[in-house]
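Analysis of the macromolecular model
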Amino acid sequence: MEKIPYKIYLEENELPKAWYNLRADMKNKPAPLLNPKTLKPMSFEELTPVFCDDLVRQELDDATPFFEIPDEILSFYKMYRPSPLVRAYFLEKALDTPAKIYYKFEGNNTSGSHKLNSAIAQAYYAKQQGLKGVTTETGAGQWGTALSMACSYFDLDCKVFMVKVSYEQKPFRREVMRTYGAAVTPSPSETTQVGKRILKAHPDTPGSLGCAISEAVEAATSTPGYRYVLGSVLNQVLLHQSIIGLETKAALDKYGIKPDVIIGCAGGGSNLGGLISPFMGEKLRGEADYRFIAVEPASCPSFTRGKFAYDFCDTGMMCPLAKMYTLGSNFIPSANHAGGLRYHGMSSVLSQLYHDKLLEAVAVEQTSVFEAAELFARVEGTLPAPESSHAIRAAIDEALKCKETGKEETIVFGLTGTGYFDMTAYEKYNNGVMTDTIPTDEELQEGLRTLPNINL
Ligand SMILES: *Cc1c(COP(=O)(O)O)cnc(C)c1O
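Since the model is a prediction, treat every value here as computed from it, not as a measurement.

**Thoughts on the overall build of the protein**
Secondary structure summary: the protein contains 18 helices and 15 strands in total. Against the 2.2 N^0.38 benchmark of 23 Å for 456 residues, the protein shows a C-alpha radius of gyration of 20 Å, consistent with a compact globule. If one aligns the C-alpha atoms of the protein with their principal axes, the spans along those axes are about 60 × 50 × 45 Å. Considering only intrachain contacts with a sequence separation of at least 6, the fraction spanning at least 24 residues in the protein is 76%. Counting every atom, the protein has about 17,800 Å² of accessible surface; 51% of that belongs to carbon and sulfur.

**A look at the site of the ligand**
Taken together, 18 residues surround the ligand, and among them Lys115, Ser232, Gly267, Asn271 and Thr416 come closest. Lysine 115 places a polar side-chain atom, nitrogen or oxygen, 2.6 Å from an oxygen atom of the ligand. Protein chains bury 95% of the 380 Å² of accessible surface belonging to the ligand in isolation. For the shell around the ligand, the class distribution of residues is four nonpolar, 12 polar and two charged.

**Let's talk about helix H16 (residues 386-405)**
Between its first and last C-alpha, H16 extends 29 Å over 20 residues, near the 28 Å set by a 1.5 Å rise per residue. Of all 20 residues in H16, 14 are buried, a share of seventy percent or more. At the exit of H16 stands glycine 406, carrying a positive phi of roughly 75°.

**Things to note about the sheet that holds strand E10 (residues 261-265)**
Pairing in this open sheet of seven strands is mixed, and the strands run E1-E4-E5-E15-E10-E11-E14 from one edge to the other. Lying at the two open borders of the sheet, with one neighbouring strand each, are strand E1 (7-8) and strand E14 (360-364). Pairing of E10 with strand E15 (residues 410-415), which is carried by three bridges, proceeds in the parallel orientation. Bridge pairing links isoleucine 263 to phenylalanine 413 in E15. Running at roughly 155° to E10, helix H12 (residues 270-284) makes contact with E10, strand E11 (291-297) and E15 of the sheet.

**Observations concerning the packing of aromatic side chains**
All told, the structure shown has 20 aromatic pairs when counted by the stated rule. Measuring from centroid to centroid gives 5.1 Å for tyrosine 124 and tyrosine 125, while their planes differ by 75°, and the two rings are edge-to-face. With relative accessibility at 10%, the residue tyrosine 124 sits in the buried group. Residue class for tyrosine 125 comes out buried when judged on its relative accessible area of 8%. Among the aromatic side chains, those forming a connected cluster through ring pairs are Phe76, Tyr77, Tyr80, Tyr124, Tyr125, Tyr153 and Phe154. Above the plane of the ring of tyrosine 167 lies arginine 174, whose end atom (NZ or CZ) is 4.6 Å from the centre.

**Here's the deal with the environment of methionine 42**
Its place among the elements puts methionine 42 in the loop between strand E2 (18-20) and helix H1 (44-47). Residue classification places methionine 42 among the buried residues on the basis of a relative accessible area of 13%. Taking C-alpha positions, methionine 42 is 38 Å from isoleucine 392, a pair spaced 350 residues apart along the chain. Excluding residues within four positions of it along the chain, methionine 42 makes contact with Leu33, Leu34, Asn35, Leu47, Leu60 and Pro320.

**A word on the nonpolar core**
With 75 residues, the main nonpolar core has Trp19, Ile73, Tyr77, Phe303 and Leu359 as its most contacted residues. Sort the elements by how many residues they give to this core and helix H5 (residues 116-128) lands first, with eight residues. Aside from chain neighbours lying at most four places away, what touches tyrosine 77 is Leu15, Trp19, Ile69, Asn117, Ile120, His240 and Ile243. Leu91, Ile263, Ala395 and Cys402 belong to the second-largest nonpolar core, a separate cluster that totals 28 residues.

**Focus on the side chain of serine 189**
With respect to the helices and strands, the residue serine 189 is situated in the loop between strand E8 (183-187) and helix H9 (193-201). Here the side chain of serine 189 touches glutamate 215 through a polar contact of 2.7 Å, side chain to side chain. With near-sequence residues (within four places) excluded, serine 189 lies in contact with Phe161, Gly195, Lys196, Leu199 and Glu215.

**Considerations on H12**
Its axis deflected by about 55° at serine 277, H12 carries its strongest bend there, up to four residues before the proline proline 278. Burial of H12 is extensive: 13 of the 15 residues sit out of reach of the surface. Of the residues trailing H12, glycine 286 is marked for its positive phi of about 75°.

**Examining the sheet that holds strand E7 (residues 157-163)**
Within a sheet, neighbouring strands are paired by backbone hydrogen bonds and run either parallel or antiparallel to one another. Read from one edge to the other, the open sheet built from four strands follows the order E8-E7-E6-E9, with strand pairing classed as parallel. Each of the sheet's edge strands pairs with one partner strand only, and the pair in question is E8 and strand E9 (226-228). Averaged over all adjacent pairs, the angle separating strand axes in this sheet is 25°, with direction ignored. In the sheet, E7 pairs with E8 via five bridges, with the strands oriented parallel. For lysine 159, the partnering residue across the bridge sits in E8 and is alanine 183. On the sheet, helix H10 (residues 209-221) packs against strand E6 (133-138), E7, E8 and E9 and is oriented at approximately 170° with respect to E6.

**Notes on the pairing of E10**
Most of E10 sits inside the fold, with five of its five residues counted as buried. The alternating pattern of E10 places Val261, Ile263 and Cys265 on one face and Ile262 and Gly264 on the opposite face, and all of these are buried. Across five bridges, E10 lies against E11 in parallel orientation. Counterpart to cysteine 265 in the pairing with E11 is valine 295.

About the thresholds
Residues numbered from 1 in each chain as written. Predicted model: local features only at pLDDT ≥ 70, side-chain atom pairs only at ≥ 80, totals over all residues. Heavy atoms only, no water. Helix = DSSP H or I, 4+ residues; strand = E, 2+ residues; numbered from the N terminus. Rg over C-alpha atoms; globule rule 2.2 N^0.38 Å. Contact = heavy atoms within 4.5 Å. Areas by Shrake-Rupley, 256 points an atom, 1.4 Å probe, with all protein chains shown as cover. Near = heavy atom within 4 Å. Polar contact = N/O pair within 3.5 Å; in protein donor to acceptor, adjacent residues only side chain to side chain. Nonpolar A, V, L, I, M, F, W, Y, C, P; charged D, E, K, R; others polar. Expected span 1.5 Å × (residues − 1). Buried < 20%, exposed > 50% of the residue type's maximum accessible area, 1.4 Å probe, protein only. Pairing = 2+ DSSP bridges. Axes fitted to C-alpha atoms, helices over the stretch in contact; angles between N-to-C directions. Phe/Tyr/Trp six-rings, centres within 6.5 Å; stacked < 30°, edge-to-face > 60°. Lys NZ or Arg CZ within 6 Å of the ring centre and 35° of its normal. Core = buried A, V, L, I, M, F, W, Y, C linked by side-chain atoms within 4.5 Å. Bend = angle between axes of the 7 residues up to and from the residue.

Laid out in structure tokens, this is it:
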């Protein structure tokens with residue numbers, strides 16, 4: 001057997017030419033988005049005032065297995081893809097484990113994360129439709145950064161509503177977005193009706209993703225020539241992110257490697273959904289078996305402590321209802337939670353898979369996440385994003401189990417991005433002042449009480 005190189009690269013001509021739509025192979029399809037007023041599935045006509053036409057087609061299509069990637073998107077992908085699949089020889093050695101660990105590294109572009117894979121697709125379809133610009137929300141700033149890069153490539157306006165606390169705490173992310181030409185507004189703001197309403201009720205709110213989504217949707221639907229785009233959760237985003245899994249599979253196949261466990265962090269579910277999609281497809285078709293693990297923060301535990309129910313995607317309750325594992329649309333994780341992954345809900349594709357027990361989930365505490373992040377940085381070299389480090393934590397835990405059992409499992413995890421803009425969180429950890437806040441059952445009940453009362 002050929003020795004596995006430290007980095008497995010695909011050739012440029014081995015770049016996947018089509019995205020894979022996992023929904024096509026799901027027996028239990030994810031539940032449709034519902035109109036909150038009629039409780040009927042959202043139609044194409046109802047969604048297109050908010051989203052670009054072609055993206056709505058992708059969103060609603062749960063039958064077509066492959067979508068060809070347009071040439072213009074492929075040529076953009078070529079600037080930073082294929083991304084490397086790395087054999088974590090140094091981490092294996094540090095852990096003294098018989099496990100073989102691989103990670104797919106998505107941080108190798110200026111935005112520093114996988115989000116660019118979908119940003120460029122969404123900007124492309126907006127341009128194709130002849131739109132003037134797009135609006136969106138961003139939390140920690142990775143999505144806003146990715147979208148600004150994509151919009152500047154296609155010469156589109158980009159209006160970003162950035163969660164206020166991040167706007168203040170992450171001035172560098174904000175400046176990267178402005179450097180690529182985006183207009184960045186702290187949310188909640190006085191520029192929208194919903195922002196004004198929220199500010200009136202909670203003048204000192206640090207903002208939340210759910211609230212910034214409401215503002216971005218309002219800005220898009222009230223400005224001619226604009227549509228709203230979203231960096232995670234939606235089916236279309238998982239479709240675009242399937243590029244991660246397709247490349248991973250192609251790289252592993254090159255060396256005849258079959259993973260036992262595939263691990264990813266889960267915020268809204270897009271990187272995990274993308275990474276696992278071709279492997280989950282094989283599992284669903286009965287061709288192969290794998291374990292899949294979603295890793296979420298203990299301070300925002302949608303899968304492990306949330307409810308599988310129809311819920312609003314935003315705080316302003318303007319967006320359609322999605323059936324997902326959720327903590328309630330007004331849930332806001334504790335302010336001392338540093339690691340991203342703060343959205344109250346989860347992709348409905350992953351929610352259905354989890355409900356059907358095809359996907360496992362674990363919740364991990366942030367101090368243990370940063371411990372894993374630091375070990376990883378020291379032995380593998382790359383400074384990981386806190387979000388990605390949730391997956392590192394779980395991969396290390398699996399590898400340590402292998403050490404006990406002597407099993408030579410092959411573990412693949414998604415290293416979604418780099419952490420250069422997260423040094424305040426690292427500083428807290430290094431100063432020994434980082435704490436773990438896990439919501440009590442009572443606190444979670446508070447959020448779940450706001451779930452709309454729909455029995456479907
Ligand atoms: C946004 C982000 C995530 C989480 O989002 P998903 O949609 O769950 O993938 C994870 N890692 C990084 C680096 C991110 O920027």
